[in-house]
Number of protein chains: 2
Amino acid sequence: MKICIVGTGNMGRTLGVKFALAGYEVFFGARDIAQAEGAVALCGGAARSGGNDEAVAFGDIVVWGVRAMPGEVLRDPSLLDGKVVVDMNNGPVPADFHYPPILEAFAERLAKAAPGARVVKAFNTMAQEIFEHDPVILRSHGVSVFLAGDDEEAKAAVGALAEELGFNAIDAGALERAAMLETQADFIRFMIGGMGRGVFATLNLTQLPAVATQRLGGRQPTKLT
Amino acid sequence: MKICIVGTGNMGRTLGVKFALAGYEVFFGARDIAQAEGAVALCGGAARSGGNDEAVAFGDIVVWGVRAMPGEVLRDPSLLDGKVVVDMNNGPVPADFHYPPILEAFAERLAKAAPGARVVKAFNTMAQEIFEHDPVILRSHGVSVFLAGDDEEAKAAVGALAEELGFNAIDAGALERAAMLETQADFIRFMIGGMGRGVFATLNLTQLPAVATQRLGGRQPTKLT
């Protein structure tokens, strides 16, 4: 399976290096070739680099690491036809972390702009610094990667990649749930910055053991007052 | 410290029983006295019950366990003057968990309706079944209780209560952040119901160890494309 990164920024670069170190063929794409070459160097040279069009032609899985629509960074959005496109983007950080409600997810806009792409929202709920951790650390902390997408096969493929890096892949349903995941990322970015928890903080799904709920009365039909 | 529950439903009853079993003086208030008496029975009789007005007169800390404004359940909202009011409410569950964006938090409406109350948003991000767990289980899973409020002393008091029950109290800032916590609860309720994770699932703050981020390139100034 070949993986490419479109728009090699901090998030995409870090994830791409992880994939390369895990043995995948990785192609870093960027408008600024030096930026892509820098990522290749971090892989000890065991990756390729070039423009974004070239990257997309190479990859079966396209990590969309840029907060822009396909028409802005590719020759033609149809280059994404049939590709699994992993959208890891979130909106900009507003003043004092006062995030507006998300009425349409970035991932949904991406899917509309490239209707032949198999878009999966994933990897958007933590800072790049957490990507850097070894699988054993990620597994011991149960770090969640939430996935939303309409193509079940594509979603399963991205989930398997996440698991391989040590994450706990959580299927959050169809692409229409991407707005929830982006909102979740906004809360996490508020935690990181606004609450001062730092870049190694995230929110993970925890499953507690089931207890007999009758002990404290269980669920009872209750009136409003 | 005396604690009362206004509107003894599933969430309020369970939390109230936990406080009673932890040794606090607890008063269960409800319009339907039988409902409040049922909660007292779950405490082995070591609690009191009565109407909501009577409950509020008793408590220093008022657990607001009812999705209604003070004027709907109390003789007068001014009964809440000076009280620490713990708002654990979330909005109703919409069809197929398609939650609308929260433009004004329930907690903020509560604070407006009872301007003398010291409102703290808390305990709204998990199902009542998790409240039932023993402190040792909650601590071992790092179960987060997020708090938002404008009165620092009130928020600290509620945080200390949460810690006593075994939760990890997380200060999420001023009351204006309550909408984020209610949105967070919507995501958790989607997880519980829409994703089929069940009532023992929640989202917790996890702090991963800090690693040297230079290893994979650190944070670099990047261009958009």
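Residues numbered from 1 in each chain as written. Chains lettered and ligands numbered in written order. Predicted model: local features only at pLDDT ≥ 70, side-chain atom pairs only at ≥ 80, totals over all residues. Heavy atoms only, no water.

A. Structural context of the environment of R197 of chain B. Topologically, R197 of chain B is positioned in the loop between α9 (178–194) and β9 (201–207). Taking C-alpha positions, R197 of chain B is 22 Å from P135 of chain B, a pair spaced 62 residues apart along the chain. Sequence-distant contacts of R197 of chain B, defined by excluding residues within four places in its chain, comprise I170, D171, L205 and Q207 of chain A together with M191 and I192 of chain B. (Helix = DSSP H or I, 4+ residues; strand = E, 2+ residues; numbered from the N terminus. Contact = heavy atoms within 4.5 Å.)

B. Summary view of helix α2 (residues 33–42) of chain B. Residues and elements named next belong to chain B. Inspection of α2 places Q35, A36, A39 and V40 among the buried residues, and these make up the whole buried set. The buried residues of α2 occupy an angular sector of 145 degrees when projected down its axis, which confines them to one face. More than 90 degrees from the buried face of α2, the exposed residues found are A34 and A41. One side-chain oxygen at the N-terminal end of α2 lies 3.1 Å from the backbone nitrogen of A34; it belongs to D32. (Buried < 20%, exposed > 50% of the residue type's maximum accessible area, 1.4 Å probe, protein only. Arc of directions from axis to C-beta. Polar contact = N/O pair within 3.5 Å; in protein donor to acceptor, adjacent residues only side chain to side chain.)

C. Broad picture of the relation of the copies chain B and chain A. Least-squares fitting of chain B to chain A yields an RMSD of 0.0 Å, with the transformation described by 0.0 Å of translation along the axis and a rotation of 180 degrees. Put plainly, the chains are arranged around a two-fold axis. A shared interface surface links the copies, since 100% of the contact residues of chain B are contact residues in chain A too. (Least-squares fit on C-alpha atoms with pLDDT ≥ 70 in both.)

D. Summary view of the pairing of strand β2 (residues 25–29) of chain B. Residues and elements named next belong to chain B. β2 sits mainly inside the fold: four of its five residues count as buried. Relative to β2, strand β1 (residues 2–6) runs parallel, the two sharing five bridges. Opposite I3, over in β2, you have V26 as the bridge partner. Bridge analysis of β2 against strand β3 (residues 48–50) gives three bridges, and the strand direction is parallel. Its bridge partner lying in β3, F28 is registered against S49. (Pairing = 2+ DSSP bridges.)

E. Structural context of the pattern of salt bridges. Taken as a whole, this structure holds 22 salt bridges over all chains when the rule is applied. In this structure, the salt-bridge partner of K155 of chain B is E152 of chain B, at a minimum N-O distance of 3.6 Å. In this pair, K155 of chain B and E152 of chain B both sit in helix α8 (residues 152–164), three residues apart, roughly one turn of the helix. For K155 of chain B, a relative accessible area of 5% gives the class buried. One salt-bridge network, held together by shared partners, links D87, K121 and E182 of chain A. (Salt bridge = Lys/Arg side-chain N within 4 Å of Asp/Glu carboxyl O.)

F. Region of the structure containing the sheet that holds strand β8 (residues 168–171) of chain B. Residues and elements named next belong to chain B. Read from one edge of the open sheet, eight strands run β3-β2-β1-β4-β5-β6-β7-β8, paired in mixed fashion. Two strands close off the open sheet at either side, each with one partner strand: β3 and β8. On average, each strand axis in the sheet is tilted by 25 degrees relative to the strand beside it, whichever way the strands run. Relative to strand β7 (residues 144–149), strand β6 (residues 118–121) runs antiparallel, the two being bridged by two bridges. (Axes fitted to C-alpha atoms, helices over the stretch in contact; angles between N-to-C directions.)

G. Examining the interface of chain B and chain A more closely. Contacts between the two partners involve 73 residues from chain B and, on the opposite side, 73 residues from chain A. With both sides pooled, the region where chain B packs onto chain A buries about 6,500 Å², and carbon together with sulfur makes up 59% of that total. Summed over the shared surface of chain B and chain A, the number is four salt bridges. Close ionic contact of R177 of chain A with D96 of chain B constitutes a salt bridge, the shortest N to O distance being 3.8 Å. The interface formed by chain B and chain A includes 29 residue pairs in polar contact (both at pLDDT 80 or more). (Buried area = accessible area lost by both parts, 1.4 Å probe.)

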